[in-house]
Amino acid sequence: MISSFGDEFDQPGALRGMKGTTPLAPLTDDFKNRLKGVNPELGDYVYSGETYDAVVMSAIAAELAGSTAPAAIAAQLIGVTSGGTPCDTAKTCLALAAAGTDLVYRGVSMRTGGFTDLGEPSVASFATLHFDDQDQLDDGKMEFVNAGDEAQASTKSAPPGARPSGAAASGAPLKIGGLLPKTGDLKLAYPPMAAGAALAIREVNAAGGVLGEDVAFVEGDDGTDPEVAKATVASHIAAGVHVILGAGASGVSTAVLPQVKAAGLILFSPCNTAASLSGADDDGLYFRTAPPDVMQGAALGDVILRDGPERIAIVARDDEYGSGLEENLRAALDRSGVSAENMLALTYDHEAETIDFAGGAEEVKKFKPDALVLIGFAESADVIKALLSAGVEFKH
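Given the structure is predicted, the values throughout are model-derived calculations rather than measurements. The residue numbering used here restarts from 1 in each chain and proceeds along that chain's sequence as written. Selection of residues for local features in this predicted model requires a pLDDT of at least 70, selection of side-chain atom pairs for listing and counting requires 80 or more, and totals for whole chains, interfaces and linings are taken over all residues. Values shown for side chains rest on all heavy atoms present in the structure; no hydrogens or waters enter the calculation.

### Comments concerning the overall build of the chain
To qualify as a helix, a DSSP run of H or I must reach at least 4 residues; to qualify as a strand, a run of E must reach at least 2; elements of each kind are numbered from the N terminus. Per the secondary structure count, the chain includes 11 helices and 13 strands. For this measure, only C-alpha atoms enter the radius of gyration; the expected value for a globule follows 2.2 Å times N^0.38, where N is the number of residues. For 396 residues, the compact-globule estimate of 2.2 N^0.38 gives 21 Å, and the C-alpha radius of gyration of the chain, at 21 Å, lies within 12% of that figure. Overall size of the chain, expressed as C-alpha extent along the three principal axes, is 70 × 40 × 40 Å. When contacts within the chain are restricted to residue pairs at least 6 apart in sequence, long-range pairs at least 24 apart make up 70% of them. For the accessible areas, the method is Shrake-Rupley and the probe is 1.4 Å, while residue cover comes only from the protein chains on display. Carbon and sulfur atoms make up 48% of the accessible area of the chain, which totals about 15900 Å². His is not counted here, nor are the chain ends, while Lys and Arg score as positive and Asp and Glu score as negative. Charged groups are reduced to one reference atom each: NZ for lysine, CZ for arginine, CG for aspartic acid, CD for glutamic acid. Here the chain contributes 28 positively and 55 negatively charged side chains, and the mean placements of these two sets differ by 3 Å. Any two residues having at least one pair of non-hydrogen atoms within 4.5 Å are treated as being in contact.

### Topic: the sheet that holds strand β7 (residues 216-218)
DSSP bridges decide pairing: two strands pair if at least two such bridges lie between them. Read across the open sheet, the 5 strands follow the order β7-β6-β8-β9-β10; overall the sheet is parallel. Strands at the two margins of the open sheet, each flanked by one partner only, are β7 and β10 (286-288). For this sheet, the mean angle separating the axes of adjacent strands, direction not counted, is 25 degrees. Where strand β9 (residues 266-269) and β10 come together, 3 bridges link them in parallel fashion. Bridged to F268 within β10 is F287. Here the axes come from fitting lines to C-alpha atoms, over the contacting stretch only for helices, and the angles between their N-to-C directions go from 0 to 180 degrees.

### Thoughts on the packing of aromatic side chains
For Phe, Tyr and Trp, where Trp contributes only its six-membered ring, two rings pair if their centres lie within 6.5 Å, and the inter-plane angle classes them as stacked under 30 degrees, edge-to-face over 60, or tilted in between. Applying the stated criterion across every chain yields a total of 5 aromatic pairs. Centroid distance F5 to F9: 5.5 Å. Interplanar angle 85 degrees. Geometry classified as edge-to-face. Judged on exposure class, the residue F5 and its partner F9 are both buried. Between the aromatic rings of Y321 and F377, the centroid separation amounts to 5.3 Å while the plane-to-plane angle is 25 degrees, which identifies the pairing as stacked. Residue Y321 is located in helix α9 (residues 320-335), and its partner F377 is located in the loop between β13 (371-375) and α11 (381-389); the two are separated by 56 residues in the primary sequence. When sorted by exposure, Y321 lands in the same class as F377, which is buried. For a lysine, the NZ atom is tested; for an arginine, the CZ atom; a charge sits over a ring if that atom is within 6 Å of the ring centre and within 35 degrees of the ring normal. A cation sits over an aromatic face here: K32 above Y45, 5.2 Å from the ring centre. The ring centre of F9 lies 5.6 Å from the NZ or CZ of K385, which sits over that ring. Partly exposed describes any residue whose relative accessible area lies between the buried limit of under 20% and the exposed limit of over 50%, with all areas from a 1.4 Å probe on protein chains only and scaled to the type maximum.

### Section: the state of the cysteines
Cysteine sulfur atoms are paired as a disulfide whenever they fall within 2.5 Å. Taken as a whole and judged by the stated rule, the model has 1 disulfide. The side chain of C87 participates in a disulfide bridge whose partner is C93; the two sulfur atoms lie 2.0 Å from each other. Between C87 and C93 the disulfide shows an S-S torsion of about 115 degrees. By sign, it is right-handed. In this pair, the class of C87 matches that of C93, namely buried.

### Remarks on the packing of helix α2 (residues 48-65) against helix α3 (residues 70-77)
Closest axis-to-axis distance for the α2/α3 pair is 8 Å, and the angle between their directions is 110 degrees. What the angle tells us is that α2 and α3 run roughly perpendicular. Between α2 and α3, the contacting residues are M57, S58, A61, A62, L64 and A65 on the first element and A72, I73, Q76 and L77 on the second. Its residues assigned to classes, the contact of α2 with α3 shows 8 nonpolar, 2 polar and no charged. Oblique is the label for any angle not under 35 degrees, not over 145, and not in the 65 to 115 range, which are roughly parallel, roughly antiparallel and roughly perpendicular in turn. Polar here means any residue outside two lists: the nonpolar Ala, Val, Leu, Ile, Met, Phe, Trp, Tyr, Cys and Pro, and the charged Asp, Glu, Lys and Arg; Gly therefore counts as polar.

### Focus: the environment of M1
Turning to its location among the elements, M1 is positioned in the segment before β1 (19-23). For M1, the contacting residues outside a window of four places in its chain are M18, K19, G20, T21, V46, L129, H130, F131 and L137.

### Topic: the sheet that holds β1
Strand order in this open sheet of 3 strands is β1-β4-β5, and the pairing throughout is antiparallel. The two strands at the open ends of the sheet, each matched to only one other strand, are β1 and β5 (143-148). On average, each strand axis in the sheet is tilted by 30 degrees relative to the strand beside it, whichever way the strands run. In terms of strand pairing, strand β4 (residues 123-130) meets β5 through 6 bridges, oriented antiparallel. The partner of A124 across the bridge, within β5, is A147.

### Some details on the UniProt feature "domain: Leucine-binding protein" (unreviewed entry) in the chain
Per the UniProt record, the feature "domain: Leucine-binding protein" (unreviewed entry) sits at residues 173-395. With 41% helix and 16% strand, residues 173-395 has its two end C-alpha atoms placed 55 Å apart. UniProt positions are given in the numbering used here, feature names are shortened, and annotations may be inferred rather than shown by experiment.

### Section: the packing of helix α8 (residues 293-305) against α9
Between α8 and α9, whose axes approach to 8 Å, the crossing angle comes to 55 degrees. Classified by the angle their axes make, α8 and α9 are oblique. For the pair α8 and α9, the crossing hand works out as right-handed. Contacts from D293, V294, Q296, G297, A298, L300, G301, I304 and L305 in α8 reach Y321, L325, N328, L329, A332 and L333 in α9. Left-handed describes a crossing in which the near helix is turned anticlockwise from the far one by less than a right angle; the clockwise case is right-handed.

Here is the structure:
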């Protein structure tokens, strides 16, 4: 659900009437304008807030720890979102951290609740987005749906041994390595995440940096591909980064997590949503500001059922993200009374150079659904084209 997705189609209006959910907190005009100061051409904001928060939280945690050692930062990250003195800007929070004050960060996406003990949001906001007849998102129709349970938020605060006021710091400068989808199937989502990261680095350094020095950001591409991402991680390890920001896709993070863990670094994603990552074997080094799909499944199910469909087809890319969100969505629909015989679930090979969904499109047409859910990245444009070619009629 991003305006640039319309560029994948030759004919205007192919996406007219399509709607969906994405993790997104209501963004202030001030935050959008600050992002525009980084990238004046920015047209979308999806995951920009989550990326900004991941960078700022990493900086605060390092300042609290008085060290850039990844294990020391990791020990602070959950406590940064719970208990203590509230703060909502990089400048204010870093000043509190430098004074050794326990604090609770409430930034752009982390506005209510806090991290669970697993290092992910306990509550989240999802935007309901709508495409207009020019295949652009219509901001006037945007709504917000909340999901999650604030009671699941951790009660951890700054652990004993956190940096006391005036204590010496070690390991500066803090180095953060990018592992975001500059290329590959998720490249359409890269600009807002890149802007969020750049803005956070700018504002952290304008506030005095971390441990007395500017935070360094090392660019890196995950390629929406495990092998590309592994090469980037190896480069970051050699460069001495402390925190790796990414990856974009849940499956890519799953693939590189053992490599990151073996190096003792932090992997902090602003956009991973696969529920399977909640229980990942990470030695306490994996975090995410994006909510798991158990929440998005509930939010998406709510949006679908508002239109009162009886028969629902779900088409998902065959990877960890696609199958995970499909499973959580089907569970939400089942709880709402949609029977198994009234749901059709299909997958497609997301790794194919061109997605061949002709057969699946015929299955969808034969099923005659009242609603069709598509779970995918940019390559899912081929699925929509196949559905249109098969004569599946979309209601607007």
